[in-house]
Amino acid sequence: MADQKASPNPLVTTKAPETTLSVQLHPLVLLTISDYISRHTLRQQEGPVVGAIIGQQNGRNFTLEHAFECKLAEQDGNIVLDREWFAERIEQYKDVHKAPALDLVAMFTMAPVEGPQGVHVPFMRQVQDLTSTEGIMLLLFHGSQVDQLQGGKLPITLWESVQEQDGEMRFRELSFEVETGEAEMIGVDFVAKGGGNATAVAKADAVPAAESSRKDKSKGKGKAKEKEEEADGDAAMGVLSPEDEELIASLNAKANAIKMLNQRINLLRSYLEQLPESYLTDSSTTTPPPDTINHTLLRSVQSMLSRVPLLAPPTVAHPTATSSENNGGLQPSSIAQAGEKERQDVHLTGLLAALTRSVSEASNLGSRFHVVAKERTAKERSGFSRGGRGLGNVPGGVTDESLFA
Amino acid sequence: MDTQKAWEIENAVKLVDPTRDALYNYNREEQKKITDARPWRANPNHFKYVRISAVALIKMTMHARSGGDLEIMGLMLGYVEHETFIVTDALRLPVEGTETRVNAQSEADEYMVQYLDRSRQAGQLENAVGWYHSHPGYGCWLSGIDVGTQHTQQMFSDPFLAVVIDPHRTISAGKVEIGAFRTYPDGYKPPDSGSSAEGMAAVPMAKAADFGAHANRYYSLEVSHFKSTLDSKLLEALWNKYWVQTISSSPLFTNREYVTHQIEDVAAKTREVDGGVRMRGGAMGGFAPRAGPKGRKSGDEQVGKVVKAAEKIANEERMGLLAAMVKEKVFAAGVAPASGNGSATAVPVGGGSAGGDTQMSDVKA
Ligand SMILES: [Zn+2]
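No experiment lies behind these values; they were computed from the predicted model shown.

Enquirer: Any chance you could explain the overall build of chain B here in plain terms?
Expert: Of the regular secondary structure elements, chain B holds 13 helices and seven strands. Relative to its 365 residues, chain B shows a buried fraction of 55%. For chain B, the proportion of contacts with a sequence separation of at least 24, taken over those separated by at least 6, is 76%. For chain B, the exposed area adds up to about 15600 Å²; of that, 57% sits on carbon and sulfur atoms.

Below you can see the structure in the form of C-alpha cells.
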C-alpha cells in the first residue's frame, strides 16, 4: 500500500520491524470515518477530523472494529484530545462492547498521502500517555485518493509509532486486511446495493427510492382480492415476486464475485507467464533466477494449487466413469454423501412447501365449491317448489344432503 | 492557528456533494420549529417513512447479531423532516434480555444521558429519535411490552420511533430484516381494523398470542436507507475486498439450526390448523366446513400463513442450495468432471423452477 513519493517523509521509517503486526480492518470503521467526514464538512464544523478506533488485541493480532469522533483541546499550541472527555467516552464504549472486549487500538484523522505529519507527533504522544500503551496505531484517511481508487485500493494507510534511539517518534507503515463479520457483511451489502442517495426529503409524498425494504403492505384485505391484484400487477409490468428479486440479487452477487475471481486468476497467470523458466526443473537453463522473483508469492501459489484437489473430493460413483479410472473410488466420499443429503433436504422442504400450498388451494376450492353448490341448491329448491319435488339430477351429486348436514 | 492548518492540509470539501448528501446536514433551529409545531399530534399516521444512514443500519444490525439469542437494545439519533424520520446514527445501550423486562430501558437512562451529553460536546447535535431492539428469530413486530414502551416514549419524547431487527432472519435471508413502528394514541381505532398481521405470516407459535393481542395498537413505517457520495465510493472499493466471502459462504450449513426451528414451528402451526379444520368440519371432515363464513375465513387465513411460512423456508433453502451449487461448479467442476452428481445438479434447477411454477400458476389462478 506504500506510496513512494519523490521526497521521503522524514517521519517515516522503512526499517523492518522485529515482529509483524497482523491487522484486520472492519468496513464499519471506514464507513464511520466517511460518515463523520460528510457530516463535519456539510455542517462546516470547526477543527480537524479526529477520532478513535476500538478493537481487539491478541498478542500481535489486532482488529479495528468500531470508530467514533473525538472532542479536541489545545495544549501548548498543539491540538490534542480533551483528556476528561476522552477517558469517559472510551469507558462508555467499553461498557457496551464487553464480549468480545474491545479497547482503544488506533486513532484516525485525515492526512496527505505522504503519511504522518509533524502535528501528529505530540498528538500521538498524548494518546500514548493517556493510555499508557505504545501500541496505539494511527489510521490516515487520504481524501485526495478517493477519486482515483483502483482495484480495491482503499484511501487509507495505517501506521504504528516507533520510538527511535534518538528519542524521536517515527512511523512505520503497516499492512492490513479487510475482515467482515457475517452480519456486518449483510449490512454492508444491503447499503451498497440500494441506490438511495441522501438528497433532502421533499414535502408530502416523497416516496423513498427503490431500495425500501419490501414490507407486505396488504392490511386486512381478502386473500382472493390480494391475489388478483398481484396477478394484475405481474401481468401488466412483469414485476417479479420479492423472492425472485432476492434470488436474482444473490445470484448477481455471486456472478460478480466469480468475475472477480477470474480476474485475479488471470492476473496471477500473466504474472507467472512472464517469469523466466525455472532452472530447477529445466536443466538446460543455467542462469539462476533474478532477485526480483517474489518467492513468497510463488510458494503461496504452489500451496494453493496443491490444495485445490481437496475442494473436490473424488465424488466418482458413476459406473461408467469409475470403470475407466484406477483409483477404485466406488464409494462416494462422505462429503459428497453429505452434500447429496443436504440437496435432498432442500428439495424435501420445497416439496413440502408445494404440498402445503396445494392443500390450501384444495381447501379453498372446497369452500368455494360449497358456496356455489349451496346457491345452486337454493335456486333449484325455489324453482322446484313450484313444480313439486326435484329429481336431484344436479351433476356430480352435489345435492347430497350429507354434505350440508 | 498554524497547527490547525497543518491538521487540515487534506481538504474534505471535495468529498461531499451538498445536494446529494443533504441529509448529512443538520439545522438545529429548523428542528426546534418542527418540535414546537408538533404536526404529529394532529394525525396519528403523520409519520410514514424512515430513512436510515448506512452507519446506523450497519451498527444496529451488528449489535443485534452480537446479542445472539438475547434481545439487545439501543438508541437512534437523528431528526425529522415532514413525514420522515432521518436516522443518522445509533448507539448501544448496556442492557440485554429486554423482551422480558418492562423496565429494561430505564436501567440504561443514566448511560444514555451521559453518552448523548458527550456526543453533543463532540459536535454531534442530533437528538434521540427512537430506540431499536432485536427479536432473535421471531420477526419484526411489537410485543405488548414494546407497545407499552413505545407508547410512553411517544407521550414524553415525541417524535420517537421504534425499530425492530431480527438478526437470525437477517442471516438466513441474507438481507437486513428490519421493521419500524409507531403506536396509536389511546383509544384510537385504525380505519382498517383488520390485523396488521396479514404480512407477518411468520410469527412463531409461542409469540402468536402476544402478537395478535397488540397488532392493532401500532402501524409500520416504510424503511429505506441512505448513504453519502463518499460512502458509495468506499463501498465500491470495499467490495473488492470482501467478494471472497460472497462465494465462500455456506448458508445451508450456517443456518441449519435456525431452519430446523422454523420447520418445527410450521409443523406446530400445521397441527393447529388441522385441529381447527377437524373441529369445524365435524365427522365428515374435509372441505365443507359447517361453521359460518367468519370461522371459515379465519381458518383460511391460518392456512395461508402456514403456506407463506413454508414457502419462505423453501425459498431460503433453495437460495442456500444454489450457493452450494455455485461453489461446487466453480471449484470442483474442473477437478472431477464426470461426477455422479451430474444428474443431481440438474435436479435443483428443475425442482426450483417447479416450485416457482406452482407459485406463478397460483397467482394467476
Ligand atoms: Zn420486542
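That was the structure; now back to the text.
Enquirer: I keep staring at unusual backbone geometry and nothing clicks. Help me out?
Expert: Glycine aside, residues mostly have negative phi, and peptide bonds are mostly found in the trans state. At the junction of Ala 99 of chain A and Pro 100 of chain A, the peptide bond is cis and its omega measures out at -5° in the coordinates. Locating Pro 100 of chain A in the fold gives a position in the loop between helix 2 (83-95) and strand 8 (103-110). That bond from Asp 158 of chain B to Pro 159 of chain B is cis: its omega, 0°, falls within 30 degrees of zero. Within the secondary structure, Pro 159 of chain B sits in the loop between helix 6 (144-156) and strand 5 (161-165).

Enquirer: Hey, could you run me through empty space enclosed by the protein in this one?
Expert: The method is simple in principle: a probe with the dimensions of a water molecule rolls over the atoms, and the space it marks as empty is what remains. Inspection of the entire model under this criterion finds eight cavities of 30 Å³ or more. Around the largest cavity, the lining residues are His 66, Ala 67, Tyr 93, Val 96 and His 97 of chain A together with Lys 59, Ala 90, Leu 91, Arg 92, Tyr 111, Tyr 115 and Tyr 132 of chain B. Counting residues per element, the lining of the largest cavity draws most heavily on strand 3 (residues 84-96) of chain B, at three residues. The calculated volume of the second largest cavity comes to roughly 90 Å³. Along the wall of the second largest cavity there are 15 residues; nearest its centre are Thr 32, Arg 39, Phe 68 and Glu 69 of chain A together with Asp 89 of chain B. Tallying contributions element by element places helix 1 (residues 27-42) of chain A first for the lining of the second largest cavity, with four residues. Residue composition of the lining of the second largest cavity, by class: seven nonpolar, two polar and six charged.

Enquirer: I tried to follow the sheet that holds strand 4 (residues 61-64) of chain A on my own but got confused; where do I start?
Expert: Paired through their backbone hydrogen bonds, the strands of a sheet run either parallel or antiparallel. Residue and element names in this part refer to chain A. Ordered by their spatial adjacency, four strands build an open sheet running 3-4-1-12, and the pairing between neighbours is mixed. Either end of the sheet is taken by a strand with one partner, and the two such strands are strand 3 (57-58) and strand 12 (177-178). Bridge count for strand 1 (residues 22-25) against strand 4 is four bridges, and the pairing is parallel. When the sheet's bridge partners are listed, Leu 25 is paired in strand 4 with Leu 64.

Enquirer: Explanation requested: the nonpolar core in the structure shown.
Expert: The nonpolar side chains of a soluble globular protein tend to be buried with one another. Core analysis: the largest hydrophobic core is formed by 80 residues, its most contacted members being Leu 64, Met 137 and Phe 141 of chain A. Broken down by element, this core gets its largest block of residues, nine residues, from helix 9 (residues 229-248) of chain B. Filtering out sequence-adjacent residues up to four positions away, Met 137 of chain A remains in contact with Leu 21, Val 23, Phe 62, Leu 64, Val 105, Ala 106, Met 107, Met 124, Leu 158, Trp 159 and Leu 174 of chain A. Val 50, Leu 81, Ile 90 and Leu 104 of chain A belong to the second largest nonpolar core, which has 54 residues in total.

Enquirer: Explain the sheet that holds strand 9 (residues 137-141) of chain A here, please?
Expert: All names here are of chain A. With respect to topology, six strands assemble into an open sheet ordered 5-2-8-9-10-11, the strand pairing being mixed. Looking at the sheet topology across the chains shown, the edges are occupied by strand 5 (66-69) and strand 11 (169-174). Shown here is a sheet whose adjacent strand axes are inclined to one another by a mean of 30°, direction ignored. Bridge count for strand 9 against strand 10 (residues 156-163) is four bridges, and the pairing is antiparallel. Bridge assignment links Leu 139 to a residue of strand 10, and that residue is Leu 158.

Rules used in this analysis
Residues numbered from 1 in each chain as written. Chains lettered and ligands numbered in written order. Predicted model: local features only at pLDDT ≥ 70, side-chain atom pairs only at ≥ 80, totals over all residues. Heavy atoms only, no water. Helix = DSSP H or I, 4+ residues; strand = E, 2+ residues; numbered from the N terminus. Buried < 20%, exposed > 50% of the residue type's maximum accessible area, 1.4 Å probe, protein only. Contact = heavy atoms within 4.5 Å. Areas by Shrake-Rupley, 256 points an atom, 1.4 Å probe, with all protein chains shown as cover. 1 Å grid on protein atoms, 1.4 Å probe; cavity = no way out; pocket = protein on both sides within 12 Å on 5 of 7 lines; lining within 4 Å. Points joined across faces, edges and corners; volume = space filled by probe spheres on them. Nonpolar A, V, L, I, M, F, W, Y, C, P; charged D, E, K, R; others polar. Pairing = 2+ DSSP bridges. Core = buried A, V, L, I, M, F, W, Y, C linked by side-chain atoms within 4.5 Å. Axes fitted to C-alpha atoms, helices over the stretch in contact; angles between N-to-C directions.

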